[in-house]
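The lines below spell out each chain.
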Amino acid sequence: MAPAREPSGAPADAGSRRLTERVFRVRETGIIAVLALFVLVTALIQPRFVSSSNIQFILVNASVYALVALGETMVILTRNVDLSVQSVLALSAYLSAGMFGHVHGIPIPVVFLIGLGIGLAFGAANGIMVALGRVPSLVVTLATLYIIQGIDILVVGGNEVVASSLPSAFVAIPTVTVLDIPWLAIAVAVVIGAGAYYLRTFRSGREMYAIGSNPDGARLAGIPVARRVFTAFTLCGGIAGLGGVLWAAQYQTINTSAGGTNFSLIVIASAVVGGVAIFGGSGSVIGAGIGALLLGTINVALDVLGISDFWDQAIAGFLLLLAIAIDRGISVRLAAALRKRGADGGT
Amino acid sequence: MEPEHRAPLAWLRWETGLVLVVIAIGVLGVSTSSEFLTGNNIFNLGLQSGEIAIMALPMTLIVISGEIDLSVASIMGMSSALLGYLWHRHWSMLAIFAVILVVGVLAGAINGLLITRLRLPSLAVTIGTLGLYRGVADIVLGPNTVSNFPGSYANVGVSGVFNTNLSYSGAIFIVLAVIFGVVIHFTPVGRSIYAMGASPEAATFAGIRVKRIKTMLFIVSGVVCSLAGVLLTFRLSTSVNTNGLGLELDVVAVVLLGGVSIFGGKGTIVGVVLGVLAFAGLQNALLLTNFNQEAASIPVGGLLLVSVFVPIMAARAGRLRGVIPRRGAGTASPIGSGDE
Amino acid sequence: MNPGPSAASSGGLEPGASSGGATPPADPAPQPAAPQPAAPQPADPPRVPLLSLSHAAKSFGAVHALVDASIDLYGGEVHGLVGENGAGKSTLVKILAGVHRPDGGWLAVNGDPIMLHSPAAARDAGIAVIYQEPTLFPDLTAAENIFMGRQPLRPGRRIDSRQMRAQARALFDELGVRLDPGRICRGLSIADQQIIEIAKALSLQARVIIMDEPTAALSAAEVARLFDVTATLRASGAAVLFISHRLEEVFEICQRVTVMRDGSQVLTSKLDGLTADDLVRAMVGRNLEERTVGQASAPGDQVLQVQRLTREGVFTDISFDVRAGEIVALSGLVGAGRSEVARAIFGIDSYDAGAVTVHGRPLHRSSPTSAMAAGVGFVPEDRRQQGLVMDMSVQQNMALASLNRLRHLGLITGKSEHDFAADWALKLRIKFGRLTDPVFQLSGGNQQKVVLAKWLGRNPSLLIVDEPTRGIDVATKAEVHRLLTQLARDGVAILMISSELPEVLRVGDRILVMREGRLVAEYARSEASEEKIMSAATGQLQGQAR
């Protein structure tokens, strides 16, 4: 036998870890930096941009997107996608806000619960089909997008919920501020924080990352994949339902176009810009929230700068492409750098 | 990273089932409204869904090859915007068509290159170009609307080819369907597309130039969607930046309805034509009954679900009967394989 | 390793005997394999093996992977398992890992019979397998990979990451390696991934650790580290099963070795007193079957010339040629770089230096189109992922490389494919239901014939085949060999990569041996033998110390 010798593997990998962590924190801080840069530059040119009313406007607008992005991110982490959030939000907005007209004096929290319930129900339906049926989520949620949209159209008919039917306390929700910061934004941030905490500190949360990172490996490791995927879709739906109620509070007039076209794709784009990998396994809900905030800021910034806000879409699309390309570039370069380190350290 | 095996018979059954569905929709239409099968209505039917139908053809090839293109409606919008903008500046129609053609090629090429050279996932890339190209439409037209197109072109929305009941877009769809059908079913390129969708690795080992073909597919999609944009503009007699907004999911839905597998490697043009008929027929039938035609999305969604559950059930049954050997099944990511 | 005298006298080694015990009179002629259980060593006290497999048999259809295999794994010992490709090693491992259930024979843990219904059951029984290519969760940290699903918790069921990292660090310390538990696993070297898998096994209280060809992808330093870890495992009382082709490693790290051949173990012995030659002979010794299928006529002009082909880290300075009518067999161990060379020639992979010419004209790098245009065909190693599009029909698969030639007026019809395929199916005697059936319904042998037909349909002047008869029944194997020799007689130049020595000797006119990315030996058929090839492949030749 050879004489005992020093373990000759890679040396204390604090160096590697620092590199990795630095790069990965770069992703989240990267998007914060881009946001900060944006705000800074715009503010320098046009100080009006950072007026408290403008900031409040941006925060309130981005809130719903950031909230729904939280749920969408959980689904994407498991290597799935939920296209139906758009119509869940729309239907929930109409039904829950419509409650005020139907049930006189209904307490506001109950309306929130109704919206949540609607969302949970549809989310669970998605979850059952994807998790148990082992059917591709893109197709399933495209189908439910259509079905729920159809239900929404039938239910709404030609009516709409008008602002006057909504209690003033409800309508005031997006306007309430605490120390000049909209309460709504704080609430959403808290929810996102809770989501991030859950994904980071609980076994089931970590398992969602595992499922997206290596689905076969997850199964082999004994992770209850179907259960986790079901949970992800149910939560995503429920959050979209909540988002619907918030949308109603914000826009007050609800017809079939609530949410706007491409809402689902905007939410997915927010997540990807915020660092969530489209095939799952990595990314954070906080990043997704910041992505939503960034996309929401662009529009207002353009307005304030006097640039036609018709540049909004183009810039957002370009940012998304940049984000994906950079992420790919980073991961390729990171893998090469780490491999080289291993070789250097080892030989 | 592959889907479970599906019994090939299931797909053949899908097209046959789809024929039955189309017939059923026809019967439904006729029973609810005596106008359903009139020439005038057929004309309207062709008009309404013409653009979606046309865009569904290159989308079919792209999905069979294992990718997806969500920027189709934005390319359409971009070409519509350019049409209006340049017409407003008194360019000749011929020159405008040339520009739109070039822009369509570029748009498709950008998609193709990002996906094949940079190896980025097509789902994410085309969500990005969806925004980018719609943005170009926004920038070009801004809040303006252009409507003064010459009658001979705007005629597209009013009467059919040679004054028959066949709309121009319907005619173009038929011609393109034949062309795409021949290409995918009867040419070496077509076989190659099926191969690369079913197994990109085996296709490469057979000497198939996967990257080149995929890039071409996206370029063709760009050109066809630009054409669809022109048709839409003339039909509505309006060029506005929101033309075509949101249609991309309809195009994907029609393709999936036609039995094309989201995983790639399977599907037929016949199926997609039937899917178009089902989709358009449903909307039209509901329109005639004064039922809210947009609620047609419910049966469309239902059919989509059926389209995806039937093969899985059939495969399960086939495996139970021991007909089909079990292959490793993971949760596949259906659109493109990215590069991990 | 002592280059001792072979066979005959004390400590002598005929296939089937164990050293140290009473040996039957020496028999110089090689015996056909006679599986025998390990005889107890008189010097050791009787011990119960931590894991033992007795008289296992396993067949997959017509292929008998295991005939009568037994192995005993004792705690505190590293047990080596060697044998050629197809000897049954991986099937044995899969049975121990709970992936397959044996058709005959039984398993026992600590002397108690046990049935392993699944990999999870094997895990619960304390058995862990470290595969050649570990699959971790690349986006998660090392510590998370080790503890996924079993992370230590703080009150409120929250993951205690500090505790988890500390436990991971403790495991790494126990193994004597320095890895950062907080490191994301993406981009980790295979060596590091293996260590993490071993740490995971330890955390699962594994007492039996099976390492399946762990060193194939490792550098020298990484191998050294792995051996230190293995020594630590051994010292802790675990049983380690070490499967490897590299005999010098077996001698370095193992105390006991089992040699398998044709589905049975033919030798189980302590390593003291054994030489590498003994092992090689045990691995290879068999009735020499009919050596050649037919003899090649004098080879013609040079068709393929490979000059100093190099790809950094994969293969170096490869030069050889293949002439028309000649079959050149490229042999060597798994991981020697043969398939990589073949892929580089055909253009699937790139290379850093050197040149490839066919009929005197250089091929473009990384261009299968260029190779195909020059008349090169390539039957790849992995039939299911690379050779065939499993979901497509038999006829479409056959036609896939000839699409342009089957065109008529630019179009291809099902009929043209059908006729083409029917023609070749007849020539190659392929068994199928209908030509339109999906190819996954065919047996392995017939599938391989489809791949061959695909390339033969192009009338190649150079045919590269990589493991042409892997996973194929004996009858079809013989057919394929006959086909290849007939092709050579017809003037095709053939480059055949094979890990099966009998095949190499039956079919190859010239035999090249690769080892660790280099060409190390060349033999004409007349002077070649299995021992010579195996020795060159494992580096046992004189002057080729590792």
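Residues numbered from 1 in each chain as written. Chains lettered and ligands numbered in written order. Predicted model: local features only at pLDDT ≥ 70, side-chain atom pairs only at ≥ 80, totals over all residues.

**Student:** Outline the overall build of chain B, listing residues and values.
**Tutor:** When you go through chain B residue by residue, the secondary structure sums to 13 helices and zero strands. The secondary structure elements of chain B, listed N-terminal to C-terminal, are α-α-α-α-α-α-α-α-α-α-α-α-α. Expressed as a percentage of its 340 residues, the buried residues of chain B come to 59%. (Helix = DSSP H or I, 4+ residues; strand = E, 2+ residues; numbered from the N terminus. Buried ≥ 20, exposed ≤ 12 C-beta atoms within 10 Å, placed from the backbone.)

**Student:** Lay out the sheet that holds strand 22 (residues 518-524) of chain C with the relevant residues and their values.
**Tutor:** Residues and elements named next belong to chain C. Taken in spatial order, the six strands make up an open sheet running 18-19-20-15-21-22, and their pairing is mixed. In the strand order of this sheet, the two ends are held by strand 18 (376-379) and strand 22, each with one partner. Averaged over neighbouring strand pairs, the angle between their axes works out to 15 degrees when direction is ignored. Inspection of the sheet shows strand 15 (residues 327-332) paired to strand 20 (residues 493-497) by four bridges, in the parallel sense. Residue V328 lies in a different strand from strand 20, and its bridge partner there is L495. Along the sheet face, helix 9 (residues 338-346) touches strand 15, strand 18, strand 19 (462-466), strand 20 and strand 21 (510-515) and points at about 145 degrees away from the line of strand 19. In this fold helix 17 (residues 530-538) packs onto strand 15, strand 21 and strand 22, with an angle of close to 25 degrees to the strand it touches most, strand 21. (Pairing = 2+ DSSP bridges. Axes fitted to C-alpha atoms, helices over the stretch in contact; angles between N-to-C directions. Contact = placed C-beta atoms within 7 Å.)

**Student:** Provide a residue-level description of the pairing of strand 19 of chain C, including the pertinent values.
**Tutor:** Residues and elements named next belong to chain C. Buried residues dominate strand 19, accounting for five of its five residues. Of the two faces of strand 19, the one lined by L462, I464 and D466 and the one lined by L463 and V465 are each fully buried. Inspection of the sheet shows strand 18 paired to strand 19 by four bridges, in the parallel sense. Within strand 19, the residue paired with F378 across the bridge is I464. In the sheet, strand 19 pairs with strand 20 via five bridges, with the strands oriented parallel.

**Student:** Describe the sheet that holds strand 17 (residues 361-362) of chain C, listing the residues and the values that go with them.
**Tutor:** Residues and elements named next belong to chain C. Pairing is antiparallel across the open sheet formed by four strands, whose spatial order is 14-13-16-17. Looking along the sheet, the strands with just one partner apiece sit at the ends: strand 14 (315-323) and strand 17. Bridge analysis of strand 13 (residues 302-311) against strand 16 (residues 353-358) gives five bridges, and the strand direction is antiparallel. Following the sheet pairing, V306 is matched in strand 16 by V356. Helix 9 rests against strand 13, strand 14 and strand 16 of the sheet, and its axis sits at about 115 degrees to strand 13.

**Student:** An account of the domain arrangement of chain C is needed here, citing residue identities and associated values.
**Tutor:** Under the domain assignment used here, chain C contains domain 1 (51-129 + 193-284), domain 2 (137-187), domain 3 (290-375 + 460-546) and domain 4 (384-459). A straight line from the C-alpha centre of domain 1 of chain C to that of domain 4 of chain C covers 40 Å. (Domains from an automatic or database assignment.)

**Student:** So what about the interface of chain B and chain A? Which residues, and what values?
**Tutor:** Residue-level contacts link 46 residues of chain B with 42 residues of chain A. At the level of secondary structure, the elements contributing two or more residues to the side of chain B that touches chain A comprise helix 5 (122-141), helix 11 (248-257) and helix 13 (297-320) of chain B. With 14 residues, helix 5 of chain B is the largest single contributor of residues to the side of chain B that touches chain A. Its residues placed into classes, the side of chain B that touches chain A shows 28 nonpolar, 14 polar and four charged. (Nonpolar A, V, L, I, M, F, W, Y, C, P; charged D, E, K, R; others polar.)

**Student:** Describe the environment of G112 of chain B, naming the residues involved and giving the relevant values.
**Tutor:** Residue and element names in this part refer to chain B. Assignment of secondary structure puts G112 in helix 4 (residues 93-116). Classification of G112 as buried rests on a count of 27 C-beta atoms within 10 Å. The spatial distance from the C-alpha of G112 to the C-alpha of T16 is 34 Å, given a sequence separation of 96 residues. The residues touching G112, leaving out its near neighbours within four places in the chain, are K214, T215, F218 and I219.

**Student:** Run through the interface of chain B and chain C, naming residues and quoting values.
**Tutor:** If you look at the interface, chain B gives 21 residues, while chain C gives 26 residues. Per-element tally for the side of chain B that touches chain C: the top contributor is helix 8 (residues 188-198) of chain B, with six residues. Residue classes in the side of chain B that touches chain C are distributed as eleven nonpolar, seven polar and three charged.

**Student:** Could you give an account of the pairing of strand 2 (residues 63-73) of chain C, naming the residues involved and the relevant values?
**Tutor:** Two faces, one strand: in a regular strand the side chains alternate between the faces of the sheet. All names here are of chain C. Here seven bridges tie strand 1 (residues 51-60) to strand 2, and the two strands are oriented antiparallel to one another. Bridging from a neighbouring strand, F60 pairs with V63 of strand 2. Hairpin connection of strand 1 to strand 2: two residues between the antiparallel strands, including G61 at a positive phi of 60 degrees.

**Student:** Describe helix 8 of chain B, with residues and values.
**Tutor:** Counting buried residues along helix 8 of chain B, ten of its eleven residues qualify, which places the element largely inside the surrounding structure. If you check which residues of helix 8 of chain B are buried, you get P188, G190, R191, S192, I193, Y194, A195, M196, G197 and A198 of chain B. Buried-residue contacts for helix 8 of chain B involve helix 2 (39-64), helix 7 (168-186), helix 9 (200-205) and helix 10 (210-236) of chain B together with helix 12 (394-399) of chain C.

**Student:** Hey, could you go over the environment of G264 of chain B for me, with residue numbers and the actual values?
**Tutor:** Take G264 of chain B: it is sitting in the loop between helix 11 and helix 12 (269-288). Considering only alpha carbons, one finds G264 of chain B and V220 of chain B, 44 residues apart in sequence, at a separation of 18 Å.

**Student:** Residues and numbers for the environment of F279 of chain A, please.
**Tutor:** Residue and element names in this part refer to chain A. Position of F279 among the secondary structure elements: in the loop between helix 11 (263-273) and helix 12 (285-305). The class for F279 is buried, based on 22 C-beta atoms found within 10 Å. Along the primary structure F279 and R134 are separated by 145 residues, whereas in three dimensions their C-alpha atoms are 17 Å apart.

**Student:** Explain unusual backbone geometry to me, using residue names and the numbers behind them.
**Tutor:** All names here are of chain C. The phi torsion at R157 lies on the positive side, around 60 degrees, for a residue other than glycine. Along the chain, R157 turns up in the loop between strand 7 (153-154) and strand 8 (158-159). What makes R157 exposed here is the crowd of 10 C-beta atoms within 10 Å. Phi angles above zero are rare outside glycine, and H359 is one such case at about 55 degrees. With respect to the helices and strands, H359 occurs in the loop between strand 16 and strand 17.

**Student:** Explain the packing of helix 11 of chain B against helix 12 of chain B to me, and be specific about the residues and the numbers.
**Tutor:** Residues and elements named next belong to chain B. Running from amino to carboxyl end, helix 11 crosses helix 12 at an angle of 120 degrees, the nearest separation of the two axes being 7 Å. For the element pair helix 11 / helix 12, the angle class is oblique. Handedness of the crossing formed by helix 11 with helix 12: right-handed. Contact residues: helix 11 offers V254, V255 and L257, while helix 12 offers V272, G275, V276, A278 and F279. The class makeup of the residues in the contact of helix 11 with helix 12 is seven nonpolar, one polar and no charged. (Parallel < 35°, antiparallel > 145°, perpendicular 65-115°, else oblique. Left-handed = near helix turned anticlockwise from the far one by under 90°.)

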